[in-house]
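Coordinate analysis (summary)
Residues per chain are reported as follows:
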Amino acid sequence: MSKKDFLLEIGLEEMPARFVTDAMNQLKDKMENWLKDRNVAYEEIEAYSTPRRLAILITKVAEKQEDMVEEARGPAKKIALDQDGNWTKAALGFARGQGLSTDELFFNEVNGQEYVFAKKHIIGQETKTILPQVEDIIKNLHFPKNMRWNQYDLRYVRPIQWLVALYGGEVIPFEITNVQTDRKSSGHRFLGNETTINEPNNYVRTLLAEHVIVNPSERKEAIRNQIKQIEEQNDWVIPIDEDLLEEVNNLVEYPTALHGSFDESFLEVPEEVLITSMREHQRYFPVHTKEGTLLPHFITVRNGNHEFLENVVKGNEKVLRARLSDAQFFYREDQKLKIEDALARLKSIVYHEELGTLAEKVSRIQTISSQLATKLAVTDSSTITRAAELCKFDLVTQMVYEFPELQGRMGEEYALKAGEAHEVALAIKEHYMPRFANDQSPTAMTGTVVSMADKLDTIITCFGIGLIPTGSQDPYALRRQAAGVIQMILDKNLSVSIEEVIQIAINVAEEKQLLKRSSEEVSKDLLEFFRLRVKNTLQERGSRYDIVDAVLSETIGQVDTIVKKAQLLMEQIEAPPFKETVETLSRVTNIATKAGHSTELSESLFEQEEEKALYKVYLETDQKVKRALETGNVAEAYQALVDTKETINLYFDNIMVMSEDEKVKENRLIQMKLLANTIQNFANFNAIVFS
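Summary of the structure given here. Computed from a predicted model, the values in this text were never measured in an experiment. Residue numbering note: each chain is counted from 1, following its sequence as written. Totals for whole chains, interfaces and linings use all residues, but because this is a predicted model, local features are given only for residues with pLDDT of at least 70 and pairs of side-chain atoms are given and counted only at 80 or more. Side-chain metrics rest on all non-hydrogen atoms present in the structure, leaving aside hydrogens and water.

The next subject is the overall build of the chain. Looking only at helices and strands, the chain features 27 helices and 17 strands. The C-alpha radius of gyration computed for the chain amounts to 35 Å, which surpasses the reference 26 Å derived for 691 residues by more than 25%, pointing to a less compact arrangement than a globule. Dimensions of the chain, computed from C-alpha atoms along their principal axes, come out at roughly 100 × 100 × 50 Å. Only protein chains enter the accessibility calculation, which uses a 1.4 Å probe; a residue is then buried when its area is under 20% of its type maximum, exposed when over 50%, and partly exposed in between. Burial status across the chain gives 51% buried among its 691 residues. Per-residue accessibility takes into account occlusion by the displayed protein chains alone, with areas from the Shrake-Rupley method and a 1.4 Å probe. Of the accessible surface of the chain, which amounts to about 34,000 Å², a share of 45% is contributed by carbon and sulfur atoms. Between the mean site of the 82 positive side-chain charges and the mean site of the 110 negative ones, the chain shows a separation of 3 Å. Helical segments are the DSSP runs of H or I of at least four residues, strand segments are the runs of E of at least two, and each set is numbered from the N terminus. The size measure is the radius of gyration over C-alpha atoms, and the globule rule it meets is 2.2 Å times the number of residues to the 0.38 power. Within this scheme the basic residues Lys and Arg register as positive and the acidic residues Asp and Glu register as negative, but His and the chain ends are omitted. Think of each charge as sitting on NZ of Lys, CZ of Arg, CG of Asp or CD of Glu.

In structure tokens form, the structure reads like this:
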């Protein structure tokens, strides 16, 4: 079977940079699935993108679908045949529906019952006859935001300007919003021209001749190399922010890196402000000395060639000067604002219409912080109180209004200038940490306590008024904030249970009359919410699903202990004695489910020595396990359970738990229940699966 290459290019008005890569990957994935579903063989698929185009090149696409044999199941044999062995109407109808005669029907057994079957041989169609269907793939790409244009009903990221669909040298015909497929593409908006693509495999070369590098990886590498060259020529250090590089890469089709300068007087403004202004407003890369000092220079990437670079540099310097002048003005003006005045302004800013102002949120953070500090036995409570009071004051500054991502960092800067203690200022910055997955926790305890208080208040009050995440919807980032609380507890080895920290925040919210539901209902939902976050944490740390289920009971308790349990069980999982231990302990917990509610054990009803021996072991083990878990020594707790194995096995070898004497039976079940409680205080071993 002969093969041809296939090219699909969607030409658009400039897309937002953050949409480009995802759209390119979508197009590739959808095309792969489309070819697979239609049994069209191919060798390789390559995806391309620029701000003005999305494209895929598929090499050696078969000219014809592979032939298929489909097996269809019809009615059961007893329905397909009558008493005389003749085909019934049901069988005849089935054959007719498959386009076959009854001579082509046969029987096969499925789950112990025979059914009538039919085989259909489907001849594959020519690929070029089905390729126009890729129109649906184009129309069904998803974007974060869409638009409509002209009179068309299609909602799309940007208006479609041209379409290229080539199979070999042949144009595949279809039309979207009055744009017909063709072999003509557009080059660079300013440096290139309209161009004709004669064959799909000429696509990359043809566009490069028109100053378009369609391969995003090659374009990114070109930017990286050009920046490196500037760095070496000037003896600079240019840190490359990968997110910024990705964005810049999706803003250009033919990149040329260049450098400019700004007035040294702007260096009085904190480094983070200058870098943020350059990055967020202008997409510039900052420049440092080898010692890490910020220099009054910047790197930008032009969407064009090296011609007239001097003019481009001057234009960029002029724009940046205006941006940095604004930042310098905001910085100087903010320093005139007294912290007390800033705190007063928080009273007029609504945090949430049902949860009050920012000042009221800060008040709750103070209360929760104070109670957490007491629970954690933190001695310097005055520092925590002050940090909690000031944690949001910079939200009213001009700098944070202009650059929201600098919240906390500007609070630290202004607090230090106002004479606040270093630990208080640091906590203002760090209480937003961790901001995202894999971000660092606060370095100091003050920031940790205030951060936990802030996040807990947000989570509990949102749950209290019914703003609970569902599916992929989590507009207040409650999952991320709960994960942050768990991360801080683990990173700082805090001796506090999830139930305790939740209850502190619930009590504060209830006292402020912010709960629209009962505290019991809110608490129940929150525990399940946090349990899922702990589960995710364990899985991210490499724990198997069954180990996670084993260590996560209805109550959560101290997260560090749960993590240690999971790690220990993961280490034991391959050890041969582990399976025997699990089976022995599970035998106890399984039979204990038949016990009633009573836990009143009567030693006088013990009939055999094995009962007495097991009871003695239970009393010792229960104390050992409790004591070990209280100190976080999970290895000691586990070993105490392992040491019961021989006594338990002797018990079951010689004792019939389900005695005919009802009182003896009940007493033995109570003994099993008590021991099972001790075992399950460590883990639910029944959940562990062995292959």
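Now, onward.
As a further point, take the side chain of asparagine 316. Here asparagine 316 is to be found in helix H10 (residues 309-334). Identification of polar contacts relies on pairs of N or O atoms within 3.5 Å, with a donor-acceptor requirement for protein atoms, meaning one able to donate a hydrogen and the other able to accept it, and with residues adjacent in sequence counted only if both atoms are side-chain atoms. One polar contact links asparagine 316 to tyrosine 284, side chain to side chain, over a distance of 2.5 Å. The criterion used for residue contact is that any of the two residues' heavy atoms lie within 4.5 Å. The residues contacting asparagine 316, other than those within four sequence positions of it, are Tyr284, Phe298 and Thr300.

Before going further, it helps to spend a moment on the sheet that holds strand E13 (residues 255-261). The strand order E13-E15-E14 describes an open sheet built from 3 strands, whose pairing is antiparallel. At either margin of the open sheet sits one strand with a lone partner, and together these are E13 and strand E14 (285-288). Here the average twist between neighbouring strands, direction ignored, is 30°. Note on geometry: axes are C-alpha line fits, over the in-contact stretch for helices, and angles between N-to-C directions span 0 to 180 degrees. In the packing of helix H7 (residues 216-234) onto the sheet, contacts are made with E13, E14 and strand E15 (294-303), and the angle to E13 comes to roughly 35°. Here helix H9 (residues 271-282) sits on the sheet in contact with E14 and E15, set at roughly 10° to E15. Here, any two strands with at least 2 DSSP bridges between them count as paired.

One less than the number of residues in a helix, times 1.5 Å, gives the span that helix is expected to have. Spanning 17 residues, helix H23 (residues 576-592) covers 26 Å between terminal C-alpha atoms, matching the ideal 24 Å at 1.5 Å per step. Along H23, the positions that sit buried rather than exposed are Phe578, Thr581, Val582, Thr584, Leu585, Ser586, Val588, Thr589, Ile591 and Ala592. Residues of H23 that are buried make contact with helix H22 (559-572), helix H25 (634-642), helix H26 (645-654) and helix H27 (662-682).

Sheets are built from strands paired through backbone hydrogen bonds, the pairs being either parallel or antiparallel. Spatial ordering of the open sheet is given by E4-E6-E5, a layout of 3 strands whose pairing is antiparallel. Every interior strand has two partners, whereas the edge strands, strand E4 (68-76) and strand E5 (105-110), have only one. Strand-to-strand, the axes of this sheet are offset by a mean angle of 40°, without reference to chain direction. Taken together, the 6 bridges between E5 and strand E6 (residues 113-122) define a ladder with antiparallel strand orientation. Directly across from valine 110, in E6, lies its bridge partner glutamine 113. Here helix H3 (residues 89-98) sits on the sheet and contacts E4, E5 and E6; the angle it forms with E4, its principal contact strand, is near 160°.

What follows deals with the environment of leucine 614. Residue placement: leucine 614 occurs in helix H24 (residues 609-630). As a C-alpha pair, leucine 614 and glutamine 671 span 57 residues in sequence and 8.7 Å in three-dimensional space.

Glancing now at the pattern of salt bridges. A pair is scored as a salt bridge if a Lys or Arg side-chain nitrogen falls within 4 Å of a carboxyl oxygen belonging to Asp or Glu. In total, this model carries 44 salt bridges according to the counting rule given. Between arginine 544 and aspartate 546 there is a salt bridge; the shortest N-O distance is 2.5 Å.

Our focus in this paragraph is the packing of helix H18 (residues 478-491) against H22. Their axes nearest at 9 Å, the elements H18 and H22 cross at an angle of 75°. Taken together, the axes of H18 and H22 lie roughly perpendicular to each other. Contact residues: H18 offers Ile486, Ile489 and Leu490, while H22 offers Val559, Asp560 and Val563. Every angle not falling under 35 degrees, over 145, or within 65 to 115 is termed oblique; those three ranges are roughly parallel, roughly antiparallel and roughly perpendicular.

Take the nonpolar core next. Counting residues in each nonpolar core, the largest one holds 129 residues, and the members touching the most others are Phe530, Leu569, Phe682 and Phe685. Examining the composition of this core, we find that 9 residues originate from one element, helix H17 (residues 445-464), more than from any other. Sequence-distant contacts of phenylalanine 682, defined by excluding residues within four places in its chain, comprise Lys565, Leu568, Leu569, Leu629, Val634, Ala637, Tyr638 and Leu641. Nonpolar cores were defined as sets of buried Ala, Val, Leu, Ile, Met, Phe, Trp, Tyr and Cys residues, with membership established by side-chain atoms within 4.5 Å. Core analysis: the next-biggest nonpolar cluster, separate from the first, contains 40 residues, Ile45, Leu131, Val134 and Leu141 among them.

The relative placement of two packed helices is expressed as an angle between their axes plus a distance between the axes. The contact between H7 and helix H8 (residues 242-249) brings their axes to 10 Å, and the two run at 120°. Relative to H8, the element H7 lies oblique. Between H7 and H8 lies a crossing of right-handed hand. Packed against H7, whose contacting residues are Pro216, Arg219, Lys220, Ile223 and Arg224, the element H8 presents Glu242, Leu245, Glu246, Val248 and Asn249 at the interface. The crossing is said to be left-handed when, going from far helix to near helix, the turn is anticlockwise and less than a right angle, and right-handed when the turn is clockwise.

In this fold, isoleucine 459 is placed in helix H17. Look at isoleucine 459 and you get buried, because its relative accessible area is 0%. Residues isoleucine 459 and proline 132 lie 327 residues apart in sequence; the distance between their C-alpha atoms is 50 Å. In this structure isoleucine 459 touches Leu478, Gln481, Ala482, Leu526, Phe529 and Phe530, once residues within four positions along its chain are discounted.

Here we come to the packing of aromatic side chains. Aromatic pairing here means that ring centres of Phe, Tyr or Trp (its six-membered ring) are within 6.5 Å. Orientation follows from the plane angle: under 30 degrees is stacked, over 60 is edge-to-face, and everything else is tilted. Applying the stated criterion across every chain yields a total of 17 aromatic pairs. The interplanar angle of 75° and the centroid separation of 5.1 Å between the aromatic rings of phenylalanine 143 and tyrosine 156 together place this pair among those described as edge-to-face. Pair noted here: phenylalanine 143 is in the loop between helix H5 (134-139) and strand E7 (160-167) and tyrosine 156 is in the loop between H5 and E7, with a separation of 13 residues, a long-range link. Ring-pair connections join several aromatic residues into one group, and the members of that group are Phe578, Tyr638, Phe682, Phe685 and Phe690. Sitting over the ring of phenylalanine 529, arginine 533 keeps its end group 4.9 Å from the ring centre. Criterion for a charge above a ring: Arg CZ or Lys NZ at most 6 Å from the ring centre, at most 35 degrees from the ring normal.

Another point: the state of the cysteines. The criterion for a disulfide is a pair of cysteine sulfur atoms lying within 2.5 Å. In total, this model carries 0 disulfides according to the counting rule given. The thiol of cysteine 391 is unpaired, and the distance to the nearest cysteine sulfur, on cysteine 462, comes to 16 Å. The exposure class of cysteine 391 is buried, given its relative accessible area of 0%. Look at cysteine 462 and you get buried, because its relative accessible area is 2%.

A separate point is the environment of leucine 8. Here leucine 8 lies in strand E1 (residues 3-12). Of the residues examined, leucine 8 reaches a relative accessible area of 0% and is grouped as buried. Along the primary structure leucine 8 and valine 134 are separated by 126 residues, whereas in three dimensions their C-alpha atoms are 8.9 Å apart. Setting aside residues no more than four positions away along its own chain, leucine 8 makes contact with Leu27, Leu54, Ala55, Ile56, Val134, Ile138, Val164, Ala165 and Phe174.

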